[in-house]
Amino acid sequence: MSRILHSRLRFTSKRTWPAVDKRAVAFSVWTGRSLLLHKPIDPINIPRRRYGMLVARAVRGVLKIRYLLLGGAVGGGMTLNKKYTEWKDGLPDMGWLNDLLPDNEQWNNFATTLISAKDKISDQLQIDPRLRDAGLARAAEVREWLAQRYEDAVAAAAVNNNNISSIEPAPKIVNNLQSRPAPMVASAQSEDNAAYEKRVHALQEEILSLQARYQRELQRLEQENRELRQQNMLLRQGRQPSTKKMKRSLIDMYSSVLDELAGWEAGEAGRLPRVVVVGDQSAGKTSVLEMLAQARIFPRGAGEMCTRAPVKVTLSEGPYHVAQFRDSSREFDLNKESDLADLRKEVEMRMRASVRGGRTVSAEQIAMSVKGPGLPRMVLVDLPGVISTQTVDMAADTREAIKQMTKQYMDNPNAIILCIQDGSVDAERSNVTDLVASCDPQGKRTIFVLTKVDLAEENLANPNRIRRILEGKLFPMKALGYYAVVTGRSRKDDSIQNIRDYEERYFRSSKLFKDGLVSAAQVTTRNLALGVAECFWRMVRDSVEQQADAFKAMRFNLETEWKNTFPRQRELDRDELFERARAELLDQSAELSAVAAANWEARLTGALWDAAAPKVLDQIYLPAAAQAHADVECVKLRPIKYDKNSDAMTMWNDPYDIDYNKFNTTVDIKLREWAEGDLAAVSVAAGREALRAEFAALLSRAGDTDPVYEPLKRAAVEEALARHQWEDRAQDVLRVLQLNALQDRMVRSRADWDAAVALMDSALKERLSATSEQLHELTGPGFRERWLYWRTPTAEQARRSTTLAELERLGVTRPQLTYDEVVAARDNLRRRGVEVDNDYIRETWRTVYMRNFLSRAQNRARDCRKSFYLYSQQNGAEKECCEVVMFWRVQSTLRTTANALRQQIANREAARLDRDLREVLDEMAADSELKKKLLCGRRVELAEELKRVRQVQEKLEEFIEALNKEK
């Protein structure tokens, strides 16, 4: 460093600086300031020197620290080594521990055992997502904690032996899941026993695995053999096997035959083989069926009845695992959880829909098919479980209905009974075994299945009881075969594969199998499926020919009956008759638009008058005439003619007893109120009635209509007319037209005048006839009827007749009698021995007055027939025939309304009625019960039976042909 400074100073002194003191130069170099010149040193060369000096000092300090550390480490290491040697020499000899602690290979085996146990326990601790969502996260925490503890134990087992010298020797952990006992002490005898048991266990596992592989290989070879035989047959016939069109399998063809026979109970029908799954409630019937179908296809219920109707499941092989209902085109992919959930919901919905009328179970069969690789080919029927006690929410006949349904299916001599028994409950609690024994006492078509064997083995102290059950020595019934299965661990979310793996693991480790209590062919659902399928097809081959002959004979008998009973009729079944009735109805509905306008108006006018006549007479004409008549001074009664035979009298003919001005005013008010009120609604109702009448006329005019479907046509028309609703705006249009028509008070033609007079006369005549009939019922038979027909009046009729005669003598014409007149009539009757009160007299007088008034009004109408000339000369001011004008106004309004209604029918209402009729017919087509009710009779029933027998026979022959080809 000094050399650098001296060289730097010499260099600078030679250039510009004089000789200076060394200390001043050093100070100047260090601070960058000159003490002599009081100015900065050279900015180029001096800073470089300062940085170099700093680096040199830092390097020197680092070198000193290195020397210190190195020396301390060497000295400390020597001291520590000396201390360790002294401490080691003072320790006692621990070599005897090497003989007791396991070696490295044993520790590795122990770690492997822990790892396998951890994996199996992890499989067992699958947490239900719904439980986790409900807040039970504690189970997941326990599972994680347990998994962590196993990992820690495995890690601790891999530590070096020198690091655990202070730990006491631990006993070896036994893997209970694999049931491999390990010796606790290292003795020669225990090692020999362990080795022998290990070899036996290995042989058992090898036998089970070989049997499972053999079964799968056998199924694959059978399928390939069938396909090769089909191809060989086609090649012999000179045809190439079709790759585009896929033929139906044998089991599908057989299932279609069973579908045709569903609900048929006559003769030999329903005798074809099928597998009937029966058992007590919650015994595991549905679980066994799901294991055979390899999918969780049925809904589950927590302790309540799930199967409420028979479910027919057709199992068959296929490239994809799918399910489909018989009456639906949707296929459910059984490999997708969403489709499985939809399938279970659909099954539950169909079961609840089949239970109607307060019932708990139903006999309506739900048919579905399940296809998939490796599925056994068979047809199974899952029935509701047999119960011993019915709860309060069940129907009163539930237990008996289930028992009868079960017996009906088992009574089929060709049905294979799959009797399911819960192995976890006592044998004495079984209800179904007695039923099975009564239907199949010899056990020639019964297969016994013991479920929940894992629970049974845990709960039963004596495993020999399970052996006796599977040998057929415990239950009072016989069977072709006895099987033991495990269908789950009471977990709803376990998949079929998990259940099958659990079943195989259980039977590999079960004492029942290891000790030779149960043979290998009697366990697992796989063996059960093979046994049931073999029995099913053997039964089918033995009985199908006989069933085909029975249907041939049935068809011959039915055809002979048809020829003898209905020789000139076509064999039309219920569906064909319905289609013919539908076509005729729609053609007749289309003819509504072609009805002539004059016919429509005549029918509509008649319907309108029939609807309006009570209103016109009772609430408009008669009240207005009575009010106008009451204000006129009455003239005395002038008898014109008295008939002794009929006891009738033409009372008077006085045209000057009505205040016509008041009559016209009252009529105007009431007609306007009527038009603004319910006249439009009454008109629409009349239009609907006219539409109904015209439709009925069209139906009656059809000449070649088959009478067998007339009830169906009438019911469809009635329902369509009941649903048909007139347009809402039609009433508003009609109300405007009717108000305008009532404003016209001028009769312009003689034809209109005569029509109004005829309307008034016919209305009064009809009402007079009804009033006279009422009086006749009140007074009883007259003189002529008494002598000619030997009729005698009652006491009440005699009293009413006497009162009527007394009132006619009063000669008054007012609607109401005065008090003096009532008292006078009552006194006169009392003198004659007839006791009546005032109300009785007034009630009788109303009927008498109405008859007299209607008689006079009818006479006035006949007199007004000739008054049109006087009316036209006075330009409508003539008031004596104002009643005729009123009836003309009503008639004109009804004609205008009829014309408007006809246009509405032609433009809109006929088309809307046709649409309603089509909807009704579509609904009827889907309702088989309604069609059966409306289309009935021996002719229809015989045609239906013929159709079904022919279909079953054709499908049976097709199936037999395919079955023979497969042989």
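Please read all numbers here as calculations on a predicted model, not as lab measurements.

1. Considerations on the overall build of the protein chain
Item 1. Across its full length, the protein chain carries 33 helices and eleven strands.
Item 2. By the burial criterion, 41% of the 967 residues in the protein chain qualify as buried.
Item 3. Sequence-distant contacts, at least 24 apart, represent 78% of the contacts inside the protein chain between residues at least 6 apart.
Item 4. Just so you have it, the protein chain exposes about 54,900 Å², and 52% of that area is on carbon and sulfur atoms.

2. Quick notes on the environment of Leu292
Item 1. The residue Leu292 is located in helix H10 (residues 285-293) in this model.
Item 2. By relative accessible area, Leu292 is classed as buried at 2%.
Item 3. Once residues lying within four places of it in the same chain are set aside, the contact partners of Leu292 are Leu315, Leu375, Pro376, Leu380, Thr525 and Ala529.

3. A word on unusual backbone geometry
Most peptide bonds take the trans form, and the phi angle of most residues other than glycine is negative.
Item 1. Phi at Ser282 is positive, roughly 65 degrees, even though this residue is not glycine.
Item 2. Mapping Ser282 onto the fold places it in the loop between strand E1 (275-279) and H10.
Item 3. Unlike most non-glycine residues, Thr524 shows phi in positive territory, near 75 degrees.
Item 4. By the secondary structure assignment, Thr524 is in the loop between helix H17 (511-514) and helix H18 (525-565).
Item 5. Taking relative accessible area as the criterion, Thr524 reaches 13% and is therefore assigned buried.

4. A few points about the pairing of strand E6 (residues 378-382)
Item 1. Burial runs high along E6: five of the five residues are buried.
Item 2. Burial of the side chains of E6 extends over both faces: Met378, Leu380 and Asp382 are buried on one face and Val379 and Val381 on the other.
Item 3. With five bridges joining them, strand E2 (residues 311-317) and E6 adopt antiparallel strand pairing. Bridging across to E6, Thr314 finds its partner in Val379.

5. A short note on the pattern of salt bridges
Item 1. All chains considered together, the criterion is met by 54 salt bridges.
Item 2. As a salt-bridge pair, Arg330 and Asp342 come within 3.1 Å of each other at their nearest N and O atoms. One end of the pair, Arg330, is in the loop between strand E3 (322-325) and strand E4 (332-333); the other, Asp342, is in helix H11 (residues 337-354), with twelve residues separating them in the sequence.
Item 3. Put simply, Asp573 and Lys947 hold a salt bridge, and the shortest N to O gap is 2.7 Å. Placement of the pair is Asp573 in the loop between H18 and helix H19 (574-590) and Lys947 in helix H33 (residues 938-966), with a sequence separation of 374 residues.
Item 4. Exposure remark for Asp573: the relative accessible area of 4% places this residue in the buried category.
Item 5. Each of Arg555, Glu559, Glu571 and Arg950 takes part in salt bridges that share partners, so that together they form one network.

6. Topic: helix H23 (residues 710-723)
Item 1. Along its 14 residues, H23 runs 20 Å from first to last C-alpha, staying within 8% of the 20 Å computed at 1.5 Å per residue.
Item 2. Residues Glu710, Leu712, Lys713, Ala716, Val717, Ala720 and Leu721 constitute the buried set of H23. Projected onto a plane normal to the axis of H23, the buried residues spread over an arc of 160 degrees and lie on a single side.
Item 3. For H23, the elements touching its buried residues are H19, helix H22 (679-701), helix H31 (882-926) and helix H32 (928-934).

7. Quick notes on the state of the cysteines
Item 1. Counted according to the given criterion, the structure contains one disulfide.
Item 2. Paired by a disulfide, Cys864 and Cys881 hold their sulfur atoms 2.2 Å apart. Because the torsion about its S-S bond is -95 degrees, the bridge between Cys864 and Cys881 counts as left-handed. Here the residue Cys864 occupies a position in helix H29 (residues 838-864), and Cys881 occupies one in the loop between helix H30 (868-873) and H31, the gap between them amounting to 17 residues.

8. Here's the deal with a nonpolar patch on the surface
Item 1. Together, Phe783, Trp787, Leu788 and Tyr789 give the surface a local cluster of nonpolar side chains, amounting to about 540 Å² of exposed area.
Item 2. With respect to the helices, strands and loops of the structure, Trp787 is situated in helix H26 (residues 783-788).
Item 3. On the basis of relative accessible area, Trp787 is assigned to the exposed category, the value being 62%.

9. Section: the nonpolar core
Item 1. In this structure, Trp609, Tyr621, Phe663, Trp753, Met886 and Phe887 are the most contacted members of the largest nonpolar core, which totals 104 residues.
Item 2. Take this core: its biggest share by element is 18 residues, from H31.
Item 3. Among the nonpolar cores identified, the runner-up in size contains 69 residues, and Val277, Ala295, Ile297 and Phe325 belong to it.

10. Some thoughts on the side chain of Thr666
Item 1. Within the secondary structure, Thr666 sits in helix H21 (residues 660-676).
Item 2. Judged by its relative accessible area of 12%, Thr666 is buried.
Item 3. In this structure the side chain of Thr666 is engaged in a polar contact, spanning 2.9 Å, whose partner is the backbone oxygen of Lys662.

11. A short note on the pairing of strand E7 (residues 416-422)
Item 1. E7 sits mainly inside the fold: seven of its seven residues count as buried.
Item 2. Across five bridges, E1 lies against E7 in parallel orientation. Counterpart to Val277 in the pairing with E7 is Leu418.
Item 3. Note that E7 and strand E8 (residues 446-451) share six bridges and pair parallel. Paired with Leu418 across the two strands is Ile447, which belongs to E8.

12. Structural notes on the confidence of the model for the protein chain
Item 1. Chain-level pLDDT for the protein chain is 76 on average; 69% of the residues reach the 70-or-more range.
Item 2. Segment residues 240-246 is flagged for pLDDT under 50; beyond a separation of four residues in sequence, or across chains, it makes five contacts in the model.
Item 3. Confidence drops under pLDDT 50 across residues 265-269; counting only partners more than four residues distant or on other chains, this segment forms seven contacts.

13. Examining the sheet that holds E3
Item 1. The sheet built from nine strands is open, its strands ordered E4-E3-E5-E2-E6-E1-E7-E8-E9 with mixed pairing. Strand pairing shows two members of the sheet lacking a second neighbour, E4 and strand E9 (481-484), which therefore form its edges.
Item 2. Against the sheet, helix H12 (residues 398-410) contacts E1, E6 and E7, and its axis sits at roughly 150 degrees relative to E1.

14. Here we look at the packing of H19 against H22
Item 1. It is the contact of H19 with H22, at a shortest axis distance of 10 Å, that shows an interaxial angle of 125 degrees. By the angle between their directions, the pair H19 and H22 is classed as oblique. When you trace H19 past H22, the crossing you get is right-handed. In this structure, H19 uses Leu585, Gln588 and Ser589 to contact H22, whose residues at the interface are Phe695, Leu698 and Leu699.
Item 2. Residue classes in the contact of H19 with H22 are distributed as four nonpolar, two polar and no charged.

Rules behind the numbers
- Sequence order as written defines the numbering, with residues in each chain counted from 1.
- Since the coordinates come from a predicted model, pLDDT governs what is reported: local features require at least 70, and pairs of side-chain atoms require 80 or more to be given and counted, while whole-chain, interface and lining totals use all residues.
- Side-chain calculation: all heavy atoms of the structure are included, whereas hydrogens and water are not.
- Runs of H or I in DSSP of at least four residues are treated as helices and runs of E of at least two as strands, each being numbered from the N terminus.
- The buried label applies to any residue whose accessible area, calculated with a 1.4 Å probe on protein chains only, is under 20% of its type's maximum; exposed applies above 50%, and partly exposed to all values in between.
- Note on contacts: a residue pair is in contact if any heavy atoms of the two residues lie within 4.5 Å.
- Where accessible areas are quoted, they stem from the Shrake-Rupley method and a 1.4 Å probe; at the residue level, only the protein chains shown are allowed to cover.
- Note on pairing: two strands pair once DSSP finds at least 2 bridges between them.
- The term salt bridge refers to a side-chain nitrogen of Lys or Arg lying within 4 Å of a carboxyl oxygen of Asp or Glu.
- Expected helix span is taken as 1.5 Å per residue step, with the number of steps being one fewer than the number of residues.
- The arc in question is traced by the directions running from the helix axis to the C-beta atoms.
- Disulfides are defined in this document as cysteine sulfur pairs within 2.5 Å.
- To count toward a patch, a residue needs a relative accessible area over 30% and no salt bridge; like charges are then connected within 9 Å, while nonpolar side chains (Val, Leu, Ile, Met, Phe, Trp, Tyr) are connected within 5 Å.
- We call a set of buried Ala, Val, Leu, Ile, Met, Phe, Trp, Tyr and Cys residues a nonpolar core when their side-chain atoms join them within 4.5 Å.
- Identification of polar contacts relies on pairs of N or O atoms within 3.5 Å, with a donor-acceptor requirement for protein atoms, meaning one able to donate a hydrogen and the other able to accept it, and with residues adjacent in sequence counted only if both atoms are side-chain atoms.
- A score from 0 to 100, pLDDT tells how confident the predictor is in each residue.
- In this analysis an axis means a line fitted to C-alpha atoms, helices contributing only their contacting stretch, and an angle means the value between N-to-C directions, from 0 to 180 degrees.
- Angle categories: roughly parallel below 35 degrees, roughly antiparallel above 145, roughly perpendicular from 65 to 115, and oblique for all the rest.
- Note on convention: near helix rotated counterclockwise from far helix by under a right angle means a left-handed crossing. Clockwise means right-handed.
- Nonpolar residues are Ala, Val, Leu, Ile, Met, Phe, Trp, Tyr, Cys and Pro. Charged residues are Asp, Glu, Lys and Arg, and all others, Gly as well, are polar.

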